[in-house]
Amino acid sequence: MRLRLRRPSIIVTAAFTSIVLAAGVVPAAGQDEVLLEAPMRGTDDPQPATGLIVQFDEDVSAVPEDLVEDVAEELPDGLEITEAEAGPEDLALLSLSDEVDATELDEAIDELEARPDVAWAIPNGIRFPQATANDPLYTSDQWNLHGTWGVRADRAWDVTTGRPSVRVAVIDTGILKSHPDLKGRLAKGRDFVDRDYRCLNVTCTKTRSTGTSRSAGDGNGWDSNPADPGNWRTASTCRHLGPEFDPRTSSWHGTHVAGIIAAKRNNRLGIAGIAPGVKVQAVRALGRCGGSDWDIAMSIVWASGAKVRAYDKKHGKIKVNPKPSQVINLSLGSSVNTAARAAKICRFYAKFAAVARKRGATLVAAAGNNYGNHALNVPSSCPGYIAVAATTTAGAKADFSNQGKGIDVAAPGVRIPSTYNTGARGPSTHAWALMSGTSMAAPAVSATAALAYSVGISHPVVVERVLKATARRAGGCSVAQCGAGVVDADAVVRVAAPLTAPKIVGTPRPGRTARSTRGRWRNASAVRLTWYRGSKAVAQGRTYTPTRADLGRRLTVRAVATGSTSRPGIYHESSKVVKAATRTSAKMPKRVSKSKRAKVTVRVASSYGRPTGKIIVRDGKKRIKVVKIKAKHRGKITFRLPTIAKKGKHRIRIVYGGNGKLSKSSVVKKIRVR
């Protein structure tokens, strides 16, 4: 049966009602959302820095003095490097002639990180104990940041508020880029809400464009502008899709999600984001009638930096995202009626999660607000997505939050304040509002993941391990309800965590000692290496000598930190298949007539079994012959090459491609064609 690609996937959020507050809180019976009034003026507090901290790549040999010339060209006028000194673990410290605001070093950092010998660079900032914020709603309403069961963002800020080079894609309704609490926090995004279509069958696997843009609401389809025009609708707006679309006012949902992640901090205005130093990349995929699975999937592809054109030819050439997002937030989804249908849709969403994760992105999805079974919610229940449940101020599961199989972590999702707008249809006055839902919990996890990337934890698998290993779970919130628990941003940025994987040097062979690096770590005083044959631990330490029992098996080395900053479940690993060496030799004439087919005898020798597989013959770069060598050949096979028409010298390369137990090897023969 064909996979459903175009059926609309409806956003899952609570109903929206707005009440303007002059002061205090005005109760609204039966409603979860209220509008908050905050001052519309503010000032940015400085973020002082006295230099730059640089991490060299572990595989290169470099000295701090090599960096000075490149950095000096990108410094503000009058500023210079006064000292360049080496530190531990391939670190370097570049000291400046004067204190400067950290944001003025962005160009110098970009220049450094463009070098092949530099892994990352950050300002050498001045830190203060127990960072807080002067934003008016921070103390009174942002329990999700600093409350007992908040994400402890205020403590994490002592380490990092997020790096501007880290981006979080918000795949949502679009964004209001003129909101004062989001000023300077946005990266260039894109709109993937397509023109309207009509379902031609019950499952909507066949569609036809209607030529209208009622759902998009901006007069067109895919374009480069992710601005939110408002997702209000009347009873007839989405009638072409079915009767289930009730009238509503605009939700400004994407703007609210973006504020939770990265609203400006210390501007004496509104709220502070959990990761106020990172950038939000708005990717619009939800219109008045929700968003189609295909548009959402292409949003994921684009946000990750992959080529949309490789999957979608209909929309022509879509420019590759020049600055991909490391974290992709999906505060969207819908529940289906059977597990079989969910599994089928998940095959689709898992495909595109794999595309993004291969490029280094972590995907975070809301678990849904259906008071029901999370296993039926897509895409959060699909492989490759971190599913987020919503919790209350007491750390308990919010009543509306889905539960069950596949919940990974939880985050605050009840009465969460963030950026908003008063417009019932189009944009009007910028404001702040309280909203509830897993849509509000997911960006808390995305922001926390962005802080992890900001301190160098950059592999999606490791990011997920760190989020889970450092989470806290209230006694009344079970694994089925809250997964590993409420994410803890402070613990994430302080825990011992791997920045790179351990690396097995060369191809491991039986009887020959294999060696591994430990990888680079942060906050780790000691790291233990364990070698595994399949799932069985066979040795510890930096070296291991494979035996015949390892032949053809996958050998894995796993690095785990030990000490007070370590947590169970945080590790990084890499693996290679143990293969025996082979030696290929060949016998063929040195001179060949261009009208004759040269006879070739190839021998492949190994001490660990009879070679099987393919032998490939190339004339220069051109493949001219492929033959199969079987066990019955006992490592020796004779065949004839095709005629070679071009006279002169030829370089013939004969390659044995190897198999599951034997490595590839090759030999080069030089011949003259007459």
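Residues numbered from 1 in each chain as written. Predicted model: local features only at pLDDT ≥ 70, side-chain atom pairs only at ≥ 80, totals over all residues. Heavy atoms only, no water.

## A closer look at the state of the cysteines
Part 1 of the reasoning: Inspection of the entire model under this criterion finds 3 disulfides.
Part 2 of the reasoning: For Cys238, the disulfide goes to Cys289, at an S-S distance of 1.9 Å. With the S-S bond torsion at -95°, the cross-link from Cys238 to Cys289 turns out left-handed. With a gap of 51 residues between them, Cys238 in the loop between strand E10 (207-209) and helix H6 (253-262) and Cys289 in the loop between strand E11 (279-284) and strand E12 (291-292) connect regions that are remote in the sequence. Just as Cys238 is buried, Cys289 falls in that class too.
Part 3 of the reasoning: At a sulfur-sulfur separation of 2.1 Å, the disulfide partner of Cys346 is Cys382. Linking Cys346 and Cys382, the disulfide has an S-S dihedral of approximately -75° and is accordingly described as left-handed. On the criterion of sequence distance, the pair formed by Cys346 in helix H8 (residues 339-358) and Cys382 in the loop between strand E16 (377-378) and strand E17 (385-391) is long-range, its members being 36 residues apart. (Disulfide = S-S within 2.5 Å. Helix = DSSP H or I, 4+ residues; strand = E, 2+ residues; numbered from the N terminus. Buried < 20%, exposed > 50% of the residue type's maximum accessible area, 1.4 Å probe, protein only.)

## Details of the nonpolar core
Part 1 of the reasoning: Counting 66 residues, the largest nonpolar core has Ile261 and Ile457 as the members making the most contacts within it.
Part 2 of the reasoning: Considering every element that reaches this core, the biggest residue donor is helix H9 (residues 438-454), with 11 residues.
Part 3 of the reasoning: Look past the residues within four positions of Ile457 in its chain and what remains in contact with it is Ala452, Val462, Val463, Val466, Val492, Ala497, Pro498, Leu499 and Arg522.
Part 4 of the reasoning: Core analysis: the second largest hydrophobic core is formed by 37 residues, Val301, Ala303, Ala353 and Ala361 among them. (Core = buried A, V, L, I, M, F, W, Y, C linked by side-chain atoms within 4.5 Å. Contact = heavy atoms within 4.5 Å.)

## Considering the pattern of salt bridges
Part 1 of the reasoning: If you walk through the whole model with that rule in mind, you get 14 salt bridges.
Part 2 of the reasoning: One salt bridge connects Arg533 with Asp550, and the closest N-O pair in it is separated by 2.5 Å. Highlighted residues: Arg533 in strand E25 (residues 526-533) and Asp550 in the loop between strand E27 (543-544) and strand E28 (554-562), separated in sequence by 17 residues. As far as burial versus exposure is concerned, Arg533 and Asp550 are alike and both buried.
Part 3 of the reasoning: Bridged by salt links that share partners, the residues Asp70, Arg115 and Asp117 form one connected network. (Salt bridge = Lys/Arg side-chain N within 4 Å of Asp/Glu carboxyl O.)

## Some words on the environment of Ile637
Part 1 of the reasoning: Here Ile637 lies in strand E35 (residues 636-640).
Part 2 of the reasoning: Sequence separation of Ile637 and Val604 is 33 residues, and the distance between their C-alpha atoms is 8.8 Å.
Part 3 of the reasoning: When near neighbours in sequence (up to four residues on either side) are disregarded, Ile637 contacts Val600, Thr601, Val602, Ile615, Lys628 and Ile629.

## Looking at the sheet that holds strand E33 (residues 613-619)
In a beta sheet, neighbouring strands pair by backbone hydrogen bonds and run either parallel or antiparallel.
Part 1 of the reasoning: Spatial strand order, E31-E37-E36-E33-E34: 5 strands in an open sheet with mixed pairing. Looking at the sheet topology across the chains shown, the edges are occupied by strand E31 (591-592) and strand E34 (622-629).
Part 2 of the reasoning: Here 7 bridges tie E33 to E34, and the two strands are oriented antiparallel to one another. Pairing of Ile615 across the sheet is with Val627, part of E34. (Pairing = 2+ DSSP bridges.)

## Points about a positive patch on the surface
Part 1 of the reasoning: A cluster of basic side chains, namely Lys590, Arg591, Lys649, Arg651, Arg653, Lys664, Lys670, Arg672 and Arg674, defines a positive patch on the protein surface.
Part 2 of the reasoning: For the positive patch, the secondary-structure elements that each account for two or more residues are strand E36 (648-656) and strand E37 (665-673).
Part 3 of the reasoning: For the positive patch, the element with the highest residue contribution is E36, accounting for 3 residues.
Part 4 of the reasoning: Topologically, Arg672 is positioned in strand E37. (Patch = residues over 30% accessible without salt bridge, like charges linked within 9 Å, V, L, I, M, F, W, Y side chains within 5 Å. Areas by Shrake-Rupley, 256 points an atom, 1.4 Å probe, with all protein chains shown as cover. Lys, Arg positive; Asp, Glu negative; His and termini not counted. Charge placed at Lys NZ, Arg CZ, Asp CG, Glu CD.)

In short, the description is geometric, and any link to function would need to be established separately.
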